[in-house]
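Spelled out, the chains give:
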Protein chains: 2
Amino acid sequence: MAKDKKVEQITDMDVDFAQWFTDVCTKAELIDYSSIKGMYIMRPYGYAIWENIQHILDAEFKALGHENVYLPMLIPESLLQKEKDHVEGFAPECAWVTYGGSDKLEERYCIRPTSETLFCEHYKNVIHSWRDLPKLYNQWCSVLRWEKTSRPFLRHREFLWQEGHTMHESEEEARAETQRMLNVYADFMENTLAMPVIRGRKTDKEKFNGAEETYTVECMMHDHKALQGGTSHYFGDGFAKAFDITYTGKDNQLHHPYQTSWGVSVRMIGGIIMTHGDNSGLVLPPKIAPTQVIVVPVAMHKEGVREAAEKLLETLKNAGIRAGIDLSDQSMGWKAAQKLTLPLENIADSVKALLDEVQKELYAKALKNLQDNTFDAHSVEEVRDGCANGGFARMMWCGDEACEVKMKEQAGVTSRCIPFEQQHIGDVCPVCGKPAKHMVIWGIAY
Amino acid sequence: MAKDKKVEQITDMDVDFAQWFTDVCTKAELIDYSSIKGMYIMRPYGYAIWENIQHILDAEFKALGHENVYLPMLIPESLLQKEKDHVEGFAPECAWVTYGGSDKLEERYCIRPTSETLFCEHYKNVIHSWRDLPKLYNQWCSVLRWEKTSRPFLRHREFLWQEGHTMHESEEEARAETQRMLNVYADFMENTLAMPVIRGRKTDKEKFNGAEETYTVECMMHDHKALQGGTSHYFGDGFAKAFDITYTGKDNQLHHPYQTSWGVSVRMIGGIIMTHGDNSGLVLPPKIAPTQVIVVPVAMHKEGVREAAEKLLETLKNAGIRAGIDLSDQSMGWKAAQKLTLPLENIADSVKALLDEVQKELYAKALKNLQDNTFDAHSVEEVRDGCANGGFARMMWCGDEACEVKMKEQAGVTSRCIPFEQQHIGDVCPVCGKPAKHMVIWGIAY
């Protein structure tokens, strides 16, 4: 009965998916609210998931030669304005600092919404010769975007993320870095978070402010809506020119370097919840779960039971399994829903095999969800009807932004990406009838 | 000659210690300036030192039962004002956010200078019963204090730190936590940073805004000035009352919990530099150095030299030594000042023994500096003369703030701490002649 009561506290996901999501975030004690709208508290279990994500990605970034740095959290307004497209995109959602103590500042500073401008200011100081390239920097920090609406993990005014910023001698090398880091994200999401992804390129309309190209990994949530899991941007030498960053090349001439940036955030935790969670609450892939196994001793009043349980805990921990123990006096009803019997001999190996199995099953289930709810479409109406309750539509596109806008107006969807893996499902753009250039994935996005 | 030139770039520490320090921070590429005064860029090598500090301390905090969380970076003005002493101390150096996008905010928000008020707001939500205690939380983040003057590592307007915030059932338990965490800092500084410390209590005048007691670890720099390495605060139930945080005790009555906070920051890196650095630049204790050993192949044009060097690098890395290799074509003049010969057999063990020896020597040298420049004083004049160029004076004190103020005016020193290890060096306070209560360490502080 106690268990039933616990489950009752969570809204059924089929009744109200948004409320189910919020319930999981708060009841699983991942998130708490603060007194400022959209600024959330990451509680210990939520933060521990982020630490696991950081730990794995940070090691991968470093193995590929990236170095961590820390730049200021404030950007002078004049610095933000140096790249026109960039400031147009971000200025409307900047939080502005106007006073330091009791003194009004001569120039106002925004709290970083992203740090391209700060990195460029620094790169101008430290890049002089081709010997200084590539610069492969990454920063773990929080950023702030003054959004009108907010939801735990998915849209915070302040959110934790990492932002990689790199500079290269050639366009070719910078484009390869953009692609390489997208693949790091995609592989991490598939292998560690058990989330199948679609790798592709954003249309010009959807790309990052100031970028020449934006690559993306797109995932399908349990409700068939899309979540952008991570992005990687190629900037060409646009920022370098705006910030007057030059280096002396091997040819002894001055050149502008080519730039990339790439980032993922705590939004991925929202993605994990909406991919794997169920009506009992949070479900985490074992590879990212802060606690993988809980030892629950039964009949603890009997002699030797507690000692045996603690010995088992040690065995599991020593084998590198993130194990805990539940010595509380709450009834078993809370603690266990189902059981299977394993011999104590080689218990750590059996548990590891079981965790691998769970990881694989979660991926397979998510992949089936993606495949079952992705369809080919040959008209705007097909997309509108097929995506009304989520789902991904594959449809050909001429490449004109006008047709993309019409898709939003008439089918209620946005372009998620132009997948790298293209399929030919028609010759013309169903919106305008002109020759098609690409196959695009359309959907409703978080 | 190349080497001489490199050394020449650094100001001699005996000529101008402050300029020497700045030179080390910039020439060793630890720090770069940004366009906002007092907001520094932590470059890869500087940040890597901080990562090593984080890595070691974080593991110690967790081993003692602390959990990491992340709270918002903004504090509404009304929240900051809830504890009177606290706001009086911090309001003058808050940076204030007044606009979100183009909208003027109804209430202004300050960027956190420290997070007691935010933790209290959260604790009110999550502490209900004695079963919820203790709460042992820690946060790694940056904080902002709008200081008038600034110096790399020692006084940033924005600086990286960790802040622990804990809540306890009893005064006794909270006091023990305050003391325990001070000892974690002291042991870390002595054993890992090779910095001898004096453990003690701050006078009321010098304690943290809103705290009942502040404990501190004080270190002596190479120029005999004092650096406060870390602090740990006991708050009693003052904040808990101001924020109306209560829990139901085992006695079924409502109580206020007892609170602590404790923190160290990148300031410790400034301390490492000013303790161990010399006229050739940066000297890092091996336990904290991002790179412990560099393999420098000589006569790389000869067959097999490069391969042997790379094999040696692998051997060292596999033994857990943070090793790098210098394959650049710069002359040996830059690369090596002195040498010793070691057999390749068991090279990793020999190198580890050598690193241990370097670590011990650095500690011994710093300890000698502390001991040689600490003296007993029995008058204000003795302190004034003895501390004129740095140095720590031990002197008895009656406990009155008036005498402490006079010491500042007449001897130019502040009280660093009331050491836990007290010595009886007189019966009266030399300032007023009244009976002495404590022996105090006086000095000039960074």
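Keep in mind that this is a model prediction, so the values were computed, not measured.

Rules and cut-offs
Residues numbered from 1 in each chain as written. Chains lettered and ligands numbered in written order. Predicted model: local features only at pLDDT ≥ 70, side-chain atom pairs only at ≥ 80, totals over all residues. Domains from an automatic or database assignment. Helix = DSSP H or I, 4+ residues; strand = E, 2+ residues; numbered from the N terminus. Nonpolar A, V, L, I, M, F, W, Y, C, P; charged D, E, K, R; others polar. Buried ≥ 20, exposed ≤ 12 C-beta atoms within 10 Å, placed from the backbone. Pairing = 2+ DSSP bridges.

A. Region of interest: the domain arrangement of chain A. All names here are of chain A. By the assigned domains, chain A splits into domain 1 (12–276) and domain 2 (373–443). Taking only C-alpha atoms, the centre of domain 1 and the centre of domain 2 are 27 Å apart. Of all the elements in the fold, those that place two or more residues in the side of domain 1 that touches domain 2 are β9 (198–201) and β10 (213–220). The dominant element in the side of domain 1 that touches domain 2, judged by the number of residues it contributes, is β9, at four residues. Looking at side-chain class alone, the side of domain 1 that touches domain 2 contains three nonpolar, four polar and nine charged residues.

B. Fine view of the pairing of strand β11 (residues 226–236) of chain B. Residues and elements named next belong to chain B. Of all 11 residues in β11, nine are buried; the element is thus mostly enclosed. When strand β10 (residues 213–220) meets β11, the two strands line up antiparallel, connected through eight bridges. By the bridge assignment, E218 is partnered in β11 with Q228. Count of turn residues in the β10/β11 antiparallel hairpin: five residues, of which H224 carries a positive phi of about 75 degrees. Bridge count for β11 against strand β14 (residues 258–265) is five bridges, and the pairing is antiparallel. Residue S232 lies in a different strand from β14, and its bridge partner there is W262.

C. Representation of the sheet that holds strand β8 (residues 158–168) of chain A in the model. All names here are of chain A. Spatial ordering of the open sheet is given by β3-β7-β8-β14-β11-β10-β9-β19-β20-β18-β17, a layout of 11 strands whose pairing is mixed. Each edge of the sheet is formed by a strand with only one pairing partner; in this case those strands are β3 (67–68) and β17 (374–376). Bridge count between β3 and strand β7 (residues 135–144): two bridges; the pairing is parallel. For E67, the partnering residue across the bridge sits in β7 and is Y137.

D. Looking closely at the pairing of strand β20 (residues 438–443) of chain B. Residue and element names in this part refer to chain B. As judged from the five bridges shared by strand β18 (residues 392–397) and β20, these two strands associate in the antiparallel manner. If you follow R394 over to β20, its bridge partner there is I441. Pairing analysis gives three bridges linking strand β19 (residues 414–419) to β20, with the strands arranged antiparallel. What sits directly across from T414, in β20, is G443.

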